[in-house]
Number of protein chains: 2
Amino acid sequence: MASINGDRLLADLRELARIGAYQTGVDRIAFSAQDIEARRWLVGKLKQAGFDASMDRAGNVLGRDAGAPKAILIGSHTDTVPKGGWLDGALGVIYALEIARSAREAKSTSEIGVDVMSFQDEEGSYLSCFGSRIFCDGVANSEIESAQAKDGTPLVKALEALATEAPHHRLDPNRHLCYLEAHIEQGPRLEAASQRIAVVTGLVGIRRFRIRAFGRADHAGTTPMNMRRDAGAALVAFAGWVASEFPRHAGPETVWNIGSMTFLPGAANVVPDQAELVLEFRDTKTAVLDLLEAKVLARVEDSAAASARLEAHPLSRILPADMSSSLGAVIALAAAGFGEKAMFIPSGAGHDAMFVARSIPAAMLFVPSIGGRSHHISENTSDADIVLGCKVLAEAVSRLQANPSAIGSNP
Amino acid sequence: MASINGDRLLADLRELARIGAYQTGVDRIAFSAQDIEARRWLVGKLKQAGFDASMDRAGNVLGRDAGAPKAILIGSHTDTVPKGGWLDGALGVIYALEIARSAREAKSTSEIGVDVMSFQDEEGSYLSCFGSRIFCDGVANSEIESAQAKDGTPLVKALEALATEAPHHRLDPNRHLCYLEAHIEQGPRLEAASQRIAVVTGLVGIRRFRIRAFGRADHAGTTPMNMRRDAGAALVAFAGWVASEFPRHAGPETVWNIGSMTFLPGAANVVPDQAELVLEFRDTKTAVLDLLEAKVLARVEDSAAASARLEAHPLSRILPADMSSSLGAVIALAAAGFGEKAMFIPSGAGHDAMFVARSIPAAMLFVPSIGGRSHHISENTSDADIVLGCKVLAEAVSRLQANPSAIGSNP
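Summarised in this report is the structure supplied together with it. (Residues numbered from 1 in each chain as written. Chains lettered and ligands numbered in written order. Predicted model: local features only at pLDDT ≥ 70, side-chain atom pairs only at ≥ 80, totals over all residues. Heavy atoms only, no water.)

## With respect to empty space enclosed by the protein
- What the rule picks out here adds up to 3 cavities of 30 Å³ or more.
- The space that makes up the largest cavity amounts to roughly 40 Å³.
- Along the walls of the largest cavity sit A:Gly187, A:Pro188, A:Gly371, A:Gly372, B:Arg216, B:Asp218 and B:Thr223, which together make up its complete lining.
- For the lining of the largest cavity, the per-class residue count stands at 1 nonpolar, 4 polar and 2 charged. (1 Å grid on protein atoms, 1.4 Å probe; cavity = no way out; pocket = protein on both sides within 12 Å on 5 of 7 lines; lining within 4 Å. Points joined across faces, edges and corners; volume = space filled by probe spheres on them. Nonpolar A, V, L, I, M, F, W, Y, C, P; charged D, E, K, R; others polar.)

Structure (structure tokens):
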């Protein structure tokens, strides 16, 4: 059984957190000077531990265990959201570093090594999961050329600075047997259940719609109630319908949100002539997403004859990704070895594993987020939980090395 | 019976509309060069017709019928909203001019003359109904000193340019027996009922509240539905409650509106931690307003233990103003003389009559607004309806001159 060094793990996490430190968090946006500094720091750590490591011209860092003909790929990302937390992404990368390094130090004789990965721009400062997408399947030039940051900087401009780095690292189906990614939960469920390890059953699909209502702007003092075409009232009725109907059709793990709502012209004494909201819903099951979408579109269509008409505009559609149940079972068994009963939950957020899972079996392990907080400088996990998570993942890797048939086959 | 000159009335209205003309409407914001030009034009018209006329240092124009010891005060305002219509306010002022002028031309022997008024800044570019308030009761210096336009220009700065004009005109309780104001309806009711004249029963009181909801910003993918404190959902539930409960407690003429609604932080994937809306409701009856306010505050208080708490912040409170029913009856009788059955409706918008009615009996007459439109360059009324409205008001004045007991006494 591999033995990781918990103190070294925590020290590395804290050293990495100093690059781009912002108050108690980290600001290390993809392609920023801080992001590139962190990636070069990781390359240095990997080389020091004897790995064949480099950053490629996309910003992806890969550390290959050159002595092994095959490898389990472990990793996550080191870029952050603006003013983000110190663990999101970094945790999974430093777990990979520590597990790979410990395995080498233990002079593992397995023909299955550990390769370490830090993907670029998981957070989508330019293009969500750019690194894992280009590593697995590539990204169309047209998509790269149109991608840009919020401030308008094109992705191609950000890539120029890396033009002399290594050629793109690519997933090697003959070498990479599976992908493991550890991450903070970013939600409250482990903490609420007083549990310490979760196995991710799947990553949710996300469907997002802009719902717009069209009415007529009338004077709110002089127009009788029954002569109005109130876009705001129509949208409130729609939102109320979501609140009452979604629970009837949703699955046990479905979540939904109306995150924005706006009335125009927005004056107290004018009946709104336009109103819009953004509705999203998430589930790991496509059938549930399809049912909710059909209900939404039917409700919108029902409004055609109403005094204020609704329209639904699809904004985005992210497919759900199943995680490997056999890999998940190995992680749960590893947790049990430490006296921990793993919780099986979906991931409501997206991760690089979503894209890697299309090519090779993938699994994710979550550790608790204190207060469920993430994407914020208050994001944190206890040292004990951080170390335990790494021990469980290392133990799972040992079991997979010992029994590769548990990895399963390509999806 | 006084006979007004319909062609001259229309010609004067069109001549006035050229001052500050904006496309098919008028932009004549209070105290602007265009507004002052229109007021000087009116003074000229009044002097030409033999009236003792001047603009005072507040911008109010008064044309006194110096030959009569008592007078019926008729008028409205000549300032407009930005990019407004050509009739709002102007109609009532030119009616007054035409009725007063016609009476003089007919060499009326009544001891009750007609005084003509154009109040300043009814539209509240600096201070709503500033002119009628200063004419009737005065306005506290502190209120004048704190009033400013949207662009930050203080009212005192706007007043400086008029410092050498006449001293403030004041309501003279020994002279001014009552106040009559004609106005476009600014709503759809006359047109919908195919009627041409409305008598205003009262001006609605307005209560306006900002309702705010406070929750917690959680990740909308990772936070289960039952662990959220969703400020947006709480506000949608409140707005839905307004839609279902207000009809149960409202009077037949009550109107209400939720004109703005905002969620924060406003991201699709974040549960809103703050949300706010502005709710207003209007009625001529204080008891109805009190009941609705009590229901709103009780509903807000009920939320104290909910996952997202509500707060109600009063924004403004305008008292209702009754119009004189005996003056209204005289207008309705005058309309009947032209074969028109007057409709009795409340005014959902504010007018100068609201303030004058606190000092002397007041009445308002409405003519139809095409499409119910106002405060917009598309605002219009047919020529025939414009002329008819003036004839009805002139006939009402004749009847009051002949039978002053119908005026009633001070409120």
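Further notes follow.
## A closer look at the interface of chain A and chain B
- Each partner contributes residues to the interface: chain A has 44 residues there, and chain B has 44 residues.
- Across the interface of chain A and chain B, roughly 3300 Å² is buried in total on both sides, 62% from carbon and sulfur atoms.
- Here chain A and chain B share 0 salt bridges between them.
- Our count for the chain A to chain B interface comes out at 8 residue pairs in polar contact (both at pLDDT 80 or more).
- Considering each element in turn, the side of chain A that touches chain B owes the most residues, 9 residues, to strand β10 (residues 255-264) of chain A.
- Broken down by class, the residue content of the side of chain A that touches chain B amounts to 21 nonpolar, 15 polar and 8 charged. (Contact = heavy atoms within 4.5 Å. Buried area = accessible area lost by both parts, 1.4 Å probe. Salt bridge = Lys/Arg side-chain N within 4 Å of Asp/Glu carboxyl O. Polar contact = N/O pair within 3.5 Å; in protein donor to acceptor, adjacent residues only side chain to side chain. Helix = DSSP H or I, 4+ residues; strand = E, 2+ residues; numbered from the N terminus.)

## Quick look at the relation of the copies chain A and chain B
- Structural alignment of chain A on chain B gives an RMSD of 0.1 Å, achieved by rotating through 180° and translating 0.1 Å along the axis. Taken together, these values place the two copies in the relation of a two-fold axis.
- Counting the interface residues of chain A, we find that 100% of their copies in chain B are interface residues as well, pointing to one common contact surface. (Least-squares fit on C-alpha atoms with pLDDT ≥ 70 in both.)

## What about helix α12 (residues 383-402) of chain B?
- Given a rise of 1.5 Å per residue, 20 residues ought to cover 28 Å, and the 29 Å separating the end C-alpha atoms of α12(B) matches this to within 8%.
- Within α12(B), 15 of the 20 residues are buried, which leaves the element mostly enclosed by the surrounding structure. (Expected span 1.5 Å × (residues − 1). Buried < 20%, exposed > 50% of the residue type's maximum accessible area, 1.4 Å probe, protein only.)

## Describing the pattern of salt bridges
Residues and elements named next belong to chain A.
- Taken as a whole, this structure holds 56 salt bridges over all chains when the rule is applied.
- Notably, a salt bridge pairs glutamate 105 with arginine 8, separated by 2.6 Å at the nearest N-O pair. Here arginine 8 lies in helix α1 (residues 6-17) and glutamate 105 lies in helix α3 (residues 90-105), a separation of 97 residues in the sequence.
- The class of glutamate 105 is partly exposed, set by a relative accessible area of 48%.
- Judged by relative accessible area, arginine 8 falls into the partly exposed class, the value being 22%.
- Here aspartate 79 and arginine 39 are joined by a salt bridge, their closest N and O atoms 3.5 Å apart. With aspartate 79 in the loop between β5 (70-77) and α3 and arginine 39 in helix α2 (residues 33-48), this residue pair connects regions lying 40 residues apart in the sequence. You'll find aspartate 79 and arginine 39 in the same group, each marked buried.
- Where salt bridges share partners, they join Arg8, Asp12, Glu15, Lys45, Glu98, Arg101 and Glu105 into one cluster.

## Focus on the state of the cysteines
- Inspection of the entire model under this criterion finds 0 disulfides over all chains.
- A:Cys136 takes part in no disulfide bond, and the closest cysteine sulfur to it belongs to A:Cys129, at a distance of 10.0 Å.
- Residue classification places A:Cys136 among the buried residues on the basis of a relative accessible area of 11%.
- In this structure B:Cys178 is not part of a disulfide, and its nearest cysteine sulfur, from B:Cys136, lies 13 Å away.
- Residue B:Cys178 is classed as buried on the basis of its relative accessible area, which comes to 0%. (Disulfide = S-S within 2.5 Å.)

## Quick word on the packing of aromatic side chains
- Inspection of every chain in the model, using the stated rule, returns 18 aromatic pairs over all chains.
- When the ring of B:Phe31 is compared with that of B:Tyr126, the centres are 5.5 Å apart and the planes differ by 90°; the resulting orientation is edge-to-face. Here B:Phe31 is found in the loop between β2 (25-26) and α2 (33-48), whereas its partner B:Tyr126 is found in the loop between β6 (112-119) and α4 (130-136), with 95 residues between them in sequence. Residues B:Phe31 and B:Tyr126 agree in their burial class; the two are buried.
- Taken together, the ring pairs in this structure connect A:Phe209, A:Phe238, A:Trp241, A:Phe246, A:Trp256 and A:Phe281 into an aromatic cluster.
- Positioned above the aromatic ring of A:Phe51 is the side chain of A:Arg104, whose terminal nitrogen or guanidinium carbon lies 5.2 Å from the ring centre. (Phe/Tyr/Trp six-rings, centres within 6.5 Å; stacked < 30°, edge-to-face > 60°. Lys NZ or Arg CZ within 6 Å of the ring centre and 35° of its normal.)

## Concerning the side chain of A:Glu123
Residue and element names in this part refer to chain A.
- By secondary structure assignment, the location of glutamate 123 is in the loop between β6 (112-119) and α4 (130-136).
- Salt bridges are absent for the buried glutamate 123, whose nearest opposite-charge side chain, arginine 28, sits at 9.4 Å.
- Non-local contacts of glutamate 123, meaning those with residues more than four positions away in its chain, are made with His77, Asp79, Thr80, Val81, Asp88, Ser128 and His375. (Lys, Arg positive; Asp, Glu negative; His and termini not counted.)

## Brief notes about the environment of A:Ser325
- By the secondary structure assignment, A:Ser325 is in helix α10 (residues 325-337).
- Note: C-alpha distance between A:Ser325 and A:Pro361 (36 residues apart in sequence) is 9.2 Å.

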